[in-house]
Amino acid sequence: MYLRSKALTPMRRWFLLGSLFILFGCKADNSLKTLNDPLVVGLASPIKLDLQTTYVVLEDYVLNPERLDSVTTDGPFFLEIDNSILTITGRPKLGLYNLTFWDDGVGESVLLKRTKKTMYSFLFPSKGSEKKVMIKGEFNAWNPNNTVLEKKGNSFTTYEMLSPGTYQYLYVVDGKEFRDPHNPDSISNGMGGWNSVIEIQGPEPEKLPTIKTSAYAGGGISLTCQNPIQGIYAYWNNTLIPNDLIRIEGNEINITLPENAKLIDRSKIRLWAYNDEGVSNDVLIPLNKGSVVSSADQLGRNDYEAMVMYFLMVDRFNNGNPTNDKPLNIPEVHPKADYFGGDLAGITQKIQDGYFQDLGTNTIWLSPITQNPEGAFGKYPEPETSFSAYHGYWPISNVRVDYRFGSGEDFRSLVNAAHDSDMNVLLDYVANHVHEQHPIYQENPDWATNLYLPDGSLNTERWDDHRLTTWFDTFMPTLDLSRMETVDPMTDSAIFWLKEYGIDGFRHDATKHIPEIFWRVLTKKVKQQVVMETEQPVFQIGETYGSHELIKSYISTGMLDAQFDFNMYDRAVSTFAGEGSMSSLANALRESIKYYGDHNLMGYITGNQDRPRFISYADGSLKFGEDTKYAGWNREISIQDTLAYQKLSALTAYMMSIPGIPCLYYGDEYGSPGGNDPDNRRQMQFDNLDRHQLATRERTKKMIELRRNNLALIYGDTEILEEGDTYLVISRQYFDNQVISVFNIGSNSIDIEVPAEGKINFYGELNGEMLTLPPNSFEMITIN
């Protein structure tokens, strides 16, 4: 094997100045060379270049590195491979470069993106009595132990290398939290408190290249670009599209599609551009047998961008087989914390009855169904109660269906029924921890992390400062998944569910508490043992509460496809409930797109099992900053203000409007109220809904219909057209299909100019090109 870096070729330089090729090329056969057995399984995620040296785990991209003949780049870099680590050394000057893996003269390519970071200094004035000053914020996963300031003279100082964007933070002085006394800028944390905030200036948005889909003909695609560009990188799947298939003239980009794309049911065109100011948005265009996908009818359940997810708690959804009901019915367990009787048969019934199809969701995420212990565990003080394992997150087996939910055959029937209805099934998989009764712990207690830290303190719920070792509770050992003897059986257990039942993927619990080696081993096994053998893709989405950078660190070709974007959810909850501004929400959207991409697969939830119900914030039943778990136990939380149903619909509409995968938490389709766990896990209600609940469910169905039938909301480019404290206007456009979503959280009507040919679907009134939107409402305008 050899490694080399080469400067931009004369052809590349000439192409960047423009060429006079006939539109969509003039070659009789413009097929591109591809490998029958690809080096890279799935789309290769771009590599972010660090300032000087970047380390890439080679097997994240190439499953069998021994197949490589060479690795090349067009950038000014030195490449070296040692122990399956590709080292890219050199300071990037341009915004984008390309890296190619070669096998037998055929290349598969990965985009390289330059990182822009700025050194930012923090200074905390000393009063003389401080012993330890730390800082916690979005840049260090809110873990103060990651950033300890050094005493210099009369101040404590440190610095961080930060990418452009906004960052919230607090000082932690001898265990107490303070805002920055030198920084007057603060922002609500959405929970009743305030954080200091800094903004690191980035490129000027009005100077960046912005690419939009424009038109397509049988053999090519046209795009438009705002602002001059220096270069373009376009890919057909993982093959770099050569210069002679790309033509730039003025602000128009024309790409001739490879002839052999016609041989593949689904392939994708991806494109990025750059100029001196920075990198453009990314463009994603799906092809169906070589032609641009032009209708949502052409999409199937493997088109992940088109997924609309529905998350349900199995025990709380529907009881289809009362013979397996086994509640504890003991005084130590409050009825709210006991089994309700929901099971797999009940979910299958609802699939066959058409509930999910009628609602419009096409992917079901199930809470864990593996065998959990009998008996009661844990304690809550008021009311004093222990808990059953109704939720499924305390496994004593990782391969056996809990008998209280049904049998393996019941699960097989559920998966088959879902697939017959063109729906995916994702299983919630718990790898981080087991219950103390689990044989893996009983037989190998040394496979767990230490329950006590070196200072003698209990290592429980240390979510940030000991995130890779902390136990969730004293009866739930955290497995040491940095050791292969632990990694292998736990990853093999996950593979079992894919092979045995044909599920479509996983939601992975507690992702950030598990070392990266686990995710790499699991994903390699998934690709080798499932994807390559069955040609059926597998979707993996994780759960991480933390900074954008921490969340993003688990997303790559060699680890997870996506994670849930809780930072976006938190900002949206506070905004639509009336505690935040639309401008702040717009900035959150920009941050998410910056970190995860314009066509990410991140999960955007309306709620989940660990958060109080949004509608109970929106109607004032819950206050930001209060103990919502205590409120759920000790108050009867019901709807106090019916305007909250409209606010819930606005939150749902927002999640349906932005890039990523919208995820509906069961009961949010009609507005189930509740405090935090377990009050947010009430019994699902199918019948006897009041008129407000029925109207909310109908709005939810309409939103999902718009999401699934408008390619603009699936593959469209995203643009924030207007924003203010109380309003936000978002455009999504895919060729001639456009959806403009308008949100008004203010107490007054607003007027927004929109295209006259648009169709209104909810609360707006369109007079010519002027949309009037009432207070606390939203509209999704469709244009075809």
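The structure we're discussing is the one just above.
Not measured: the values here are computed from a predicted model.

Student: Is there a simple way to explain the overall build of the protein chain in this structure?
Tutor: Within the protein chain one finds 15 helices and 43 strands. A compact globule built from 784 residues would reach a C-alpha radius of gyration of about 28 Å, and the protein chain, at 26 Å, matches this within 12%. In terms of overall dimensions, the protein chain has C-alpha extents of about 80 × 65 × 60 Å along its principal axes. Among the 784 residues that make up the protein chain, the fraction classed as buried is 59%. A sequence separation of at least 24 residues applies to 71% of the contacts in the protein chain between residues at least 6 apart. Surface summary for the protein chain: the accessible area is close to 30800 Å², and the carbon and sulfur share equals 48%. Of the side chains in the protein chain, 70 bear a positive and 103 a negative charge, and the two mean positions are spaced by 3 Å.

Student: Explain the packing of aromatic side chains here, please?
Tutor: For any pair of aromatic rings, the description rests on two quantities: the centre-to-centre distance and the angle between the ring planes. Counted according to the given criterion, the structure contains 47 aromatic pairs. An angle of 15° between the planes, with centres 4.0 Å apart, marks the rings of Y545 and F566 as stacked. Residue Y545 is located in the loop between β33 (539-542) and α8 (548-552), and its partner F566 is located in helix α9 (residues 566-576); the two are separated by 21 residues in the primary sequence. Residue Y545 is classed as partly exposed on the basis of its relative accessible area, which comes to 24%. Judged by relative accessible area, F566 falls into the buried class, the value being 4%. Here a set of aromatic residues connected by ring pairs shows up, and it is made of Y120, F122, F124, F139, Y167, Y169 and Y171. When the ring centre of Y235 is taken as reference, the NZ or CZ atom of R270 above it lies at 5.9 Å. Over the ring of F686 we find K350; its NZ or CZ atom is 3.9 Å from the centre of that ring.

Student: I'm lost on the pattern of salt bridges in this one. Help?
Tutor: Opposite charge on two side chains allows them to pair when their charged atoms are near. Considering all chains together, one arrives at 39 salt bridges under this definition. For K594, the salt bridge identified is with E591, shortest N-O distance 3.3 Å. Here K594 and its partner E591 are both found in helix α10 (residues 582-596), 3 residues apart, which amounts to about one turn of the helix. On the accessibility criterion, K594 (30% relative accessible area) is partly exposed. Judged by its relative accessible area of 10%, E591 is buried.

Student: I would appreciate a short explanation of the pairing of strand β13 (residues 165-173) in the present structure.
Tutor: Side chains on a regular strand alternate between the two faces of the sheet. Of all 9 residues making up β13, 8 are buried, and the element is well covered by its neighbours. Relative to β13, strand β10 (residues 133-137) runs antiparallel, the two sharing 5 bridges. Paired with K136 across the strands is L170, a residue of β13. Relative to strand β14 (residues 176-178), β13 runs antiparallel, the two sharing 3 bridges. Paired with V172 across the two strands is E177, which belongs to β14. In this antiparallel pair of consecutive strands, β13 and β14, the connection spans 2 residues, and D174 shows a positive phi of 50°.

Student: Any chance you could explain α9 here in plain terms?
Tutor: Count 3.6 residues to each turn of an α-helix, and residues three or four apart come out pointing the same way. When you tally the buried positions in α9, you get 9 out of 11 residues, the bulk of the element. Within α9 the residues assigned to the buried category are F566, M568, Y569, R571, A572, V573, S574, T575 and F576. Where α9 starts, the residue carrying a side-chain oxygen 3.4 Å from the main-chain nitrogen of N567 turns out to be D565. Phi for G578, located one or two positions after α9, is positive at around 100°.

Student: What am I meant to see in the environment of L312 here?
Tutor: As for its placement among the helices and strands, L312 is situated in strand β27 (residues 309-312). With 372 residues separating them along the chain, L312 and M684 place their C-alpha atoms 9.0 Å apart. Look past the residues within four positions of L312 in its chain and what remains in contact with it is F317, I347, F356, I364, W365, L366, S367 and Y666.

Student: Sorry if this is basic, but what is going on with helix α4 (residues 408-420) here?
Tutor: With 13 residues, α4 extends 18 Å between its outermost C-alpha atoms, agreeing within 8% with the 18 Å of an ideal straight helix rising 1.5 Å per residue. Inspection of α4 places G408, F411, L414, V415, A417 and A418 among the buried residues, and these make up the whole buried set. In this structure, the buried side of α4 is in contact with α2 (344-353), β28 (363-366), β31 (424-429) and α6 (484-501). Just downstream of α4, D422 is the residue with a positive phi angle, here 60°.

Student: Before we go on, may I ask you to explain the sheet that holds strand β41 (residues 765-767) in this structure?
Tutor: Picture the strands of a sheet paired through backbone hydrogen bonds; they go either parallel or antiparallel. Taken together, 3 strands build an open sheet; the order of strands is β40-β42-β41 and the sheet is antiparallel. Sheet topology places β40 (750-753) and β41 at the edges, where each strand pairs with a single neighbour. With direction set aside, neighbouring strand axes in the sheet form an average angle of 25°. Looking at chain direction, β40 and strand β42 (residues 770-773) are connected through 4 bridges and run antiparallel. Following the sheet pairing, E753 is matched in β42 by M770.

Student: Teacher, can you tell me more about the sheet that holds strand β37 (residues 717-723) here?
Tutor: What the 4 strands build is an open sheet, ordered β37-β38-β39-β43; its pairing is antiparallel. Edge positions in the sheet fall to β37 and β43 (777-783), since each of these pairs with one other strand and no more. Between one strand axis and the next, the sheet turns through 15° on average, direction left out of account. Sheet topology note: the strand β39 (residues 737-744)/β43 ladder contains 7 bridges and is antiparallel. Its bridge partner being in β43, V742 is matched across the sheet by E779. The strands touched by helix α13 (residues 643-657) within the sheet are β38 (727-734), β39 and β43, with β43 carrying the most contacts at an inclination of about 35°.

Student: Mind showing me how you'd approach the packing of α2 against α4 here?
Tutor: To describe two helices that pack against each other, one gives the angle between their axes and the distance between the axes. Running from N to C, α2 and α4 cross one another at 20°; their axes reach a closest spacing of 9 Å. The pairing of α2 with α4 is recorded here as roughly parallel in orientation. The handedness of the crossing between α2 and α4 is left-handed. For the pair formed by α2 and α4, the contact residues are L344, I347, T348, I351 and Q352 on the first element and D410, F411, S413, L414, A417 and A418 on the second.

Student: Mind showing me how you'd approach the pairing of β38 here?
Tutor: Buried residues dominate β38, accounting for 6 of its 8 residues. Looking at chain direction, β37 and β38 are connected through 6 bridges and run antiparallel. Note on β38: the bridge partner recorded for T718 is R732. Hairpin connection between β37 and β38: a loop of 3 residues separates the two successive antiparallel strands. Sheet topology note: the β38/β39 ladder contains 8 bridges and is antiparallel. The residue of β39 that forms the bridge with R732 is V739. What sits between β38 and β39 in their antiparallel hairpin is a turn of 2 residues, with F735 showing a positive phi close to 55°.

Student: What am I meant to see in the nonpolar core here?
Tutor: Generally speaking, nonpolar side chains in soluble globular proteins are found buried as a group. The biggest cluster of nonpolar side chains holds 191 residues, and the ones touching the most others in it are F576 and Y654. Leave out the neighbours within four places in its chain, and Y654 touches M568, A572, F576, L585, L589, L728, I730 and F743. Core analysis: the second largest hydrophobic core is formed by 22 residues, A44, V56, L86 and L112 among them.

Rules used throughout
- Residues numbered from 1 in each chain as written.
- Predicted model: local features only at pLDDT ≥ 70, side-chain atom pairs only at ≥ 80, totals over all residues.
- Heavy atoms only, no water.
- Helix = DSSP H or I, 4+ residues; strand = E, 2+ residues; numbered from the N terminus.
- Rg over C-alpha atoms; globule rule 2.2 N^0.38 Å.
- Buried < 20%, exposed > 50% of the residue type's maximum accessible area, 1.4 Å probe, protein only.
- Contact = heavy atoms within 4.5 Å.
- Areas by Shrake-Rupley, 256 points an atom, 1.4 Å probe, with all protein chains shown as cover.
- Lys, Arg positive; Asp, Glu negative; His and termini not counted.
- Charge placed at Lys NZ, Arg CZ, Asp CG, Glu CD.
- Phe/Tyr/Trp six-rings, centres within 6.5 Å; stacked < 30°, edge-to-face > 60°.
- Lys NZ or Arg CZ within 6 Å of the ring centre and 35° of its normal.
- Salt bridge = Lys/Arg side-chain N within 4 Å of Asp/Glu carboxyl O.
- Pairing = 2+ DSSP bridges.
- Polar contact = N/O pair within 3.5 Å; in protein donor to acceptor, adjacent residues only side chain to side chain.
- Expected span 1.5 Å × (residues − 1).
- Axes fitted to C-alpha atoms, helices over the stretch in contact; angles between N-to-C directions.
- Parallel < 35°, antiparallel > 145°, perpendicular 65-115°, else oblique.
- Left-handed = near helix turned anticlockwise from the far one by under 90°.
- Core = buried A, V, L, I, M, F, W, Y, C linked by side-chain atoms within 4.5 Å.

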